[in-house]
Amino acid sequence: MSRVKAIISDPTLTYHQQVLALARLAENDDDSLPVEPEFQKALDEEILCDLGEGKAPYRPRYILPDYSILMEKGCKFLDLQPAQDIWEACNNLLIFYKHVPSITSFPVYLGNFTKLFAPFDKDEKETRKAMRMFLQHIDKTLTDSFVHANIGPEDNRVTRIILDLTKEMQLAVPNMTILYDPEVTSDDFAKACIDCMLKTSKPSFANHVMYRKDSDKEYGIASCYNALKVCGGGYTLPRIRLYNVAKKASSIDDFMERVLPYYANLMLRNMDQRIRYIVEESSFFKTNFLVKEGFIKRENFTGMFGVVGLAECCNTLLGISDPAKGFGNNEEVEDLADKVMQRLEEIVKSHKGVYCEGTNNEYVLHAQVGIDTDGRENSPGARIPIDYEPELVRHIQVECRYHKYFVSGIGDIFRFDDTWNKTPDALLDIIKGAFVGGMRYFTGYNADNDVVRVTGYLVKKSEIEKLDNQEVSLNNVTVYGQGARNTAKALDRRVYDESARK
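Calculation criteria
Residues numbered from 1 in each chain as written. Predicted model: local features only at pLDDT ≥ 70, side-chain atom pairs only at ≥ 80, totals over all residues. Heavy atoms only, no water. Phe/Tyr/Trp six-rings, centres within 6.5 Å; stacked < 30°, edge-to-face > 60°. Helix = DSSP H or I, 4+ residues; strand = E, 2+ residues; numbered from the N terminus. Buried < 20%, exposed > 50% of the residue type's maximum accessible area, 1.4 Å probe, protein only. Lys NZ or Arg CZ within 6 Å of the ring centre and 35° of its normal. Pairing = 2+ DSSP bridges. Contact = heavy atoms within 4.5 Å. Axes fitted to C-alpha atoms, helices over the stretch in contact; angles between N-to-C directions. Salt bridge = Lys/Arg side-chain N within 4 Å of Asp/Glu carboxyl O. Parallel < 35°, antiparallel > 145°, perpendicular 65-115°, else oblique. Left-handed = near helix turned anticlockwise from the far one by under 90°. Patch = residues over 30% accessible without salt bridge, like charges linked within 9 Å, V, L, I, M, F, W, Y side chains within 5 Å. Areas by Shrake-Rupley, 256 points an atom, 1.4 Å probe, with all protein chains shown as cover. Lys, Arg positive; Asp, Glu negative; His and termini not counted. Charge placed at Lys NZ, Arg CZ, Asp CG, Glu CD. Core = buried A, V, L, I, M, F, W, Y, C linked by side-chain atoms within 4.5 Å. Right-handed = clockwise from strand over helix to strand, strands pointing away.

Enquirer: Tell me about the packing of aromatic side chains, and name the residues and values.
Expert: Considering all chains together, one arrives at 25 aromatic pairs under this definition. A centroid spacing of 4.8 Å and a plane angle of 65 degrees characterise the contact between Phe96 and Phe295, whose relative ring orientation is edge-to-face. Note that Phe96 is positioned in helix α5 (residues 86-97) and Phe295 in the loop between α14 (289-292) and β10 (301-308), a separation of 199 residues in sequence. Accessibility classification places Phe96 together with Phe295 in one group, the buried group. In this structure an aromatic cluster arises from ring pairing among Tyr67, Phe77, Phe96, Tyr97, Tyr109, Phe113, Phe117, Phe134, Phe289 and Phe295. When the ring centre of Tyr58 is taken as origin, the NZ or CZ atom of Arg59, which lies over that ring, is 4.2 Å away.

Enquirer: Describe the sheet that holds strand β12 (residues 412-416), listing the residues and the values that go with them.
Expert: Within a sheet, adjacent strands bond to each other through the backbone by hydrogen bonds, running parallel or antiparallel. A sheet is described by the order of its strands in space; here six strands give the open sequence β3-β4-β5-β13-β12-β16, paired in mixed fashion. Each edge of the open sheet carries a strand with a single partner, namely β3 (148-151) and β16 (495-496). Most of the contacts of helix α9 (residues 187-200) go to strand β13 (residues 441-446), to which it runs at about 50 degrees, and overall it touches β3, β4 (175-180), β5 (204-207), β12 and β13. Together, β4, β5, β12 and β13 form the strand contacts of helix α18 (residues 424-436), whose direction differs from that of β13 by roughly 155 degrees.

Enquirer: Tell me about the pattern of salt bridges, and please be specific about residues and values.
Expert: Enumeration over the complete set of coordinates arrives at 35 salt bridges. In this structure, Glu154 and Lys115 form a salt bridge, with 2.9 Å as the shortest nitrogen-oxygen distance. Remark: Lys115 occurs in helix α6 (residues 113-117) and Glu154 occurs in the loop between β3 and α8 (157-169); sequence separation between them is 39 residues. Residue classification places Glu154 among the partly exposed residues on the basis of a relative accessible area of 26%. In this structure Lys115 comes out as partly exposed when scored by relative accessible area, which is 43%. Glu345 is the partner of Lys349 in a salt bridge, and the nearest nitrogen-oxygen pair spans 3.8 Å. Placement of the pair is Lys349 and Glu345 together in helix α16 (residues 331-350), with a separation of four residues, close to one helical turn. Looking at Lys349, the relative accessible area reads 46%, which means it is partly exposed.

Enquirer: Lay out unusual backbone geometry with the relevant residues and their values.
Expert: In the segment running from Gly152 into Pro153, the intervening peptide bond is cis, with an omega of 5 degrees. Note that Pro153 resides in the loop between β3 and α8. In this chain, Val173 is followed by Pro174 through a cis amide linkage whose omega measures 5 degrees. With respect to the element layout, Pro174 can be found in the loop between α8 and β4. The backbone of Glu46 shows a phi angle near 60 degrees, a positive value even though the residue is not glycine. Its location among the elements puts Glu46 in the loop between α3 (37-44) and β1 (48-49).

Enquirer: Describe the packing of helix α12 (residues 252-281) against α16, listing the residues and the values that go with them.
Expert: For the pair α12 and α16, interaxial distance at closest approach is 10 Å and the crossing angle is 40 degrees. One finds that α12 runs oblique with respect to α16. For the element pair α12 and α16, the recorded crossing hand is right-handed. On α16, the residues touching Ile252, Phe255, Met256, Glu257, Leu260, Pro261, Ala264, Asn265 and Leu268 of α12 are Leu336, Lys339, Val340, Arg343, Leu344, Ile347 and Val348.

Enquirer: Residues and numbers for a negative patch on the surface, please.
Expert: A cluster of like negative charges, contributed by Asp85, Glu88, Asp123 and Glu126, occupies part of the molecular surface. Tracing the backbone shows Asp123 in the loop between α6 and α7 (124-141). By relative accessible area, Asp123 is classed as partly exposed at 40%.

Enquirer: Which residues make up the nonpolar core, and what values do they have?
Expert: Counting residues in each nonpolar core, the largest one holds 160 residues, and the members touching the most others are Phe113, Phe134, Phe205, Phe305 and Phe442. With 13 residues, α12 is the largest single contributor of residues to this core. Those residues within four positions of Phe134 in sequence are excluded, and the remaining contacts are Cys90, Leu93, Leu94, Tyr97, Phe113 and Phe117.

Enquirer: Go over the pairing of strand β11 (residues 364-367), please, and point to the residues and values.
Expert: Within a regular strand, side chains alternate between the sheet's two faces. The alternating pattern of β11 places Val364 and His366 and Leu365 and Ala367 on opposite faces, both of which are buried. With four bridges connecting them, β10 and β11 associate as parallel partners. Bridge pairing in β11 links Gly306 to His366.

Enquirer: Kindly report on the pairing of β13, identifying the contributing residues and their values.
Expert: Most of β13 is tucked away: six of the six residues are buried. Because side chains alternate across β13, one face comprises the buried residues Tyr441, Thr443 and Tyr445, and the other comprises Phe442, Gly444 and Asn446, equally buried. Alignment of β5 against β13, held across two bridges, turns out to be antiparallel. Following the sheet pairing, Phe205 is matched in β13 by Phe442. Across five bridges, the pairing between β12 and β13 is parallel. Across the sheet, the residue bridging to Ile413 is Thr443, located in β13. Once you follow β12 into α18 and on to β13, the crossover reads as right-handed.

Below, the structure is given as structure tokens:
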């Protein structure tokens with residue numbers, strides 16, 4: 001069967017999903033962008049991965065428009081006037097979202113709802129009705145769980161309405177993050193977010209204090225947990241599979257001095273090529289209305305250097321075959337992981353990136369969440385492998401060691417039993433302690449939820465069951481959730497019960 005025929009005859013794909021798959025097929029058959037033979041070999045050996053960006057990139061991977069400009073000035077290209085009430089605000093945003101591209105062809109950043117809607121919240125009943133329709137529209141038209149909204153750090157009525165509706169409607173789209181700042185975010189608001197998170201797997205908590213220290217401009221959390229500049233974004237996100245790199249080394253010294261630099265520099269040069277192609281060859285930054293009207297600026301974009309498999313890499317370098325005795329449960333392995341990240345950070349920072357003035361002409365490290373075909377050989381980012389998680393406090397302590405390196409995003413997922421629903425204060429204390437200890441991003445959910453967090457995105461278990469029965473799922477990423485469940489046990493994380501609080 002031809003690749004085209006396989007797509008158009010697949011009973012689990014919606015029409016729109018078929019269109020996107022056919023477009024990606026065409027993009028991947030192009031040869032406009034030259035690829036080093038050594039890079040192609042590393043792709044073939046699954047040491048490096050381009051995360052499906054195609055051979056002719058024609059738009060940045062992630063785009064974070066400054067939606068405040070839409071609210072203040074409207075949009076000439078779309079003939080939108082500044083909104084005057086809650087309904088016009090929702091309408092303008094929903095129209096605008098349809099014209100914000102990304103690697104998924106859906107907007108990966110919807111803005112900060114707390115700030116965007118506050119000026120229009122005049123009547124609670126009216127706001128609730130508008131927000132219900134707004135969220136429903138997003139879920140049914142932006143059908144991809146990499147679509148992401150932010151709230152906080154301050155509290156207001158419209159945000160509380162959104163939290164209430166999120167629990168009531170049980171939607172997997174949009175993903176959501178609270179920008180948490182203990183000096184601004186009240187405990188009452190934080191506990192309301194925890195209650196919603198345990199019931200719907202969102203919002204996640206971003207360490208707003210830590211991210212503000214890393215950015216001289218406003219940032220947003222997009223896609224899974226990607227921290228990028230608002231009015232900018234990320235050009236590209238390839239990734240290095242550290243476990244596969246480790247298998248090429250004869251010793252730790254060989255890994256550090258020869259093998260890791262070789263593959264890291266291969267990827268960095270490819271990032272240069274891709275970014276030059278997007279900026280210089282494609283028309284995006286020359287003609288797109290987002291650029292022309294100032295919703296985004298090229299100098300606020302950067303390249304993201306993705307990392308997976310730190311745990312398995314270090315276990316391998318130390319000759320540890322039993323994961324239960326490795327990363328997450330062995331200080332020697334964790335010390336080596338710190339040294340690996342120091343070395344990788346040194347390599348990445350010593351490379352002069354292209355068209356990334358906003359990040360000091362350097363690319364930024366990103367703990368990539370993994371893909372459904374990774375299996376269990378390369379755990380997402382710097383996470384502890386599933387099935388081998390230690391008790392909760394130690395789990396957090398291990399993770400905190402590595403979050404400082406990943407300025408463009410890292411996070412872990414914690415699965416809880418029902419007892420935590422009764423004690424949000426205890427979980428808030430844990431989150432506060434984790435953030436003081438250096439954790440950038442914390443997310444969790446109840447083990448019995450239908451809406452669950454897979455690696456960074458959200459799916460419904462009921463929708464995965466549809467795919468299991470060869471039925472269509474509206475959410476584009478349900479198939480990824482199915483694959484991650486089957487190959488990486490992504491839904492089988494350790495469940496932390498009441499004893500984990502002690």
